[in-house]
Amino acid sequence: MPVKLNKQIVALIFAIGSVGLWETTESVAQPKSFAYRTSSTQTYSNTLGVNCVPAYVMLNKVAHQGIFITSAPTADLGRKMNLSPGMVLLTVDNYSMISARAVDSWLSHRSKPGPINFTYATDNSGQAQVQAGSVQGPSAPTTTASASSASTGQSAPITSRNVLSMPSAGGDPSSLLLGLVNKSRAQGGLAALTPDPSLTRYAQSYADYLAANASKYDVRDPNNNPHQDLNGRLALERAQQAGISNFQNENIGRNVGNSGLAGVKVLHEQMMASGEHRPAIMDGDAHVIGIGWRYAGNRLFLVEEFGR
C-alpha cells in the first residue's frame, strides 16, 4: 500500500521526562544540518531493514529524538514506508523511535495489526520538515525482537542478556516496570532495587497529580516540564516537602494511546537508551525505588522515584 503523506507538522511525539533538561553542545551539533546525530555507531533494524544512528531534530526550539536512516531498506515494511537514507524516523504509533532496538521491540509486539502510523523528518534547506505517513501493518505481530550490533548491518544474536522478555497482556504496570528495572540493573552487575513504601506513596501521589492535571502536562505540548508542579516546585523540593529524606532521582514517562503493558516495556527501553534517564536507573548508589502510575483517558503517566 502506498504511503499516505500528511504535510502538516505532527506534534504527537512520545516524550519522557527526566530530572535535568537535554543539553545541546557545539561539539554535537552539525552546522547547517536539520538533524543532529548523537553517535557515529550504526545499528541495524530487522523490522525496517535499515542501518541507522540515533539523532534528534529541532522543532519549535524543542529537540525530538529519532533515528537517522543511513541505508536503503531491505525489509518489506521499510520499503512500504518509503524510508531512504538521510531521513529521520521520529515516531511509530506516536512513540519516539530513538534506536533500532526500540523500533524492533515496538513493531514486534504491537498489540493489534492495524495501520502503522509514523512521522519522519527530511531536510528543507537545513530545517526539519516533518511529515506523516501510514501503511498497513502485518496481518499478525511477529514474535521475536533482536538487539542491534554496531555498523555491520547484521543483528546481534538473541540471548537472555540482551533482550527483555515480553510481558503478558494483563498485569500491573508498576510490577512490570520494577521487574524491567531490576533486570537491566542485573545485566549491568548492579543489585536489585527494593520497593520503598514512602517513595511508592510519593510516586503514586505525583502520578495522580499529573493525571489530574493531564491537560497541562500533555506530552504533545513541548512547553511543559512534568517534573515541575503547577506551583513551580521541582523534584527535590517536592520530595523534601513531602517528608522524603532519601530522595535521589526521578524519571517520568508519558505517552498518548493506551497500549497497556507493551507501552510500559517500550517506555523502559527508551529510558535505558536515554543519556538522561539511564543513569538514574543504573545508579549504584540507589537502593530503593517507588513507582506510581495513572491513566488519564488514554494517556499514561508513569513516575519512578529513586532513593538511597
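These figures come from a predicted structure and were not determined experimentally.

A. Region of the structure containing the overall build of the protein. Within the protein one finds seven helices and 13 strands. Relative to its 308 residues, the protein shows a buried fraction of 51%. Considering only intrachain contacts with a sequence separation of at least 6, the fraction spanning at least 24 residues in the protein is 64%. With an accessible surface of roughly 13900 Å², the protein has 51% of that area assigned to carbon and sulfur atoms.

B. Looking closely at the nonpolar core. Counting 23 residues, the largest nonpolar core has Leu-48, Met-81, Leu-89, Val-92, Trp-106 and Leu-107 as its most contacted members. Elements represented by at least two residues in this core include exactly strand 4 (50-59), strand 5 (62-69), strand 6 (88-92), helix 2 (100-108), strand 8 (116-124) and helix 6 (260-272). The element best represented in this core is helix 2, accounting for four residues. Those residues within four positions of Val-92 in sequence are excluded, and the remaining contacts are Met-97, Trp-106, Leu-107, Ile-116, Asn-117 and Phe-118.

C. The arrangement of unusual backbone geometry in detail. Unusually for a residue other than glycine, Asn-82 sits at a positive phi of about 60°. For Asn-82, the position within the fold is in the loop between helix 1 (76-80) and strand 6. In this model, Ser-125 sits at a positive phi of 55°, which is unusual for a non-glycine residue. As for its position among the elements, Ser-125 is in the loop between strand 8 and strand 9 (127-135). Given a relative accessible area of 76%, Ser-125 falls into the exposed group.

D. Here's a closer look at the packing of aromatic side chains. Per the counting criterion, the structure on display carries five aromatic pairs. Taking the ring centre of Phe-68 as reference, the NZ or CZ of Arg-37 above it sits at 4.1 Å. Across the ring face of Tyr-206, the terminal group of Arg-238 is positioned such that the distance to the ring centre comes to 3.7 Å.

E. Structural detail: the side chain of Gln-131. Along the chain, Gln-131 turns up in strand 9. Look at Gln-131 and you get buried, because its relative accessible area is 10%. Among the polar contacts made by the side chain of Gln-131, one reaches the side chain of Tyr-120 at a distance of 2.9 Å.

F. Representation of the pairing of strand 4 within the structure. Across the 10 residues of strand 4, eight count as buried, placing the element largely inside the fold. Summarising the sheet, strand 2 (residues 35-37) and strand 4 pair through three bridges and their orientation is antiparallel. What sits directly across from Arg-37, in strand 4, is Ala-55. Here three bridges tie strand 3 (residues 43-45) to strand 4, and the two strands are oriented antiparallel to one another. Within strand 4, the position partnered with Thr-43 by the bridge is Cys-52. Remark: four residues form the turn of the hairpin made by strand 3 and strand 4, two consecutive strands paired antiparallel; Gly-49 in that turn has positive phi of roughly 70°.

About the thresholds
- Residues numbered from 1 in each chain as written.
- Predicted model: local features only at pLDDT ≥ 70, side-chain atom pairs only at ≥ 80, totals over all residues.
- Heavy atoms only, no water.
- Helix = DSSP H or I, 4+ residues; strand = E, 2+ residues; numbered from the N terminus.
- Buried < 20%, exposed > 50% of the residue type's maximum accessible area, 1.4 Å probe, protein only.
- Contact = heavy atoms within 4.5 Å.
- Areas by Shrake-Rupley, 256 points an atom, 1.4 Å probe, with all protein chains shown as cover.
- Core = buried A, V, L, I, M, F, W, Y, C linked by side-chain atoms within 4.5 Å.
- Phe/Tyr/Trp six-rings, centres within 6.5 Å; stacked < 30°, edge-to-face > 60°.
- Lys NZ or Arg CZ within 6 Å of the ring centre and 35° of its normal.
- Polar contact = N/O pair within 3.5 Å; in protein donor to acceptor, adjacent residues only side chain to side chain.
- Pairing = 2+ DSSP bridges.

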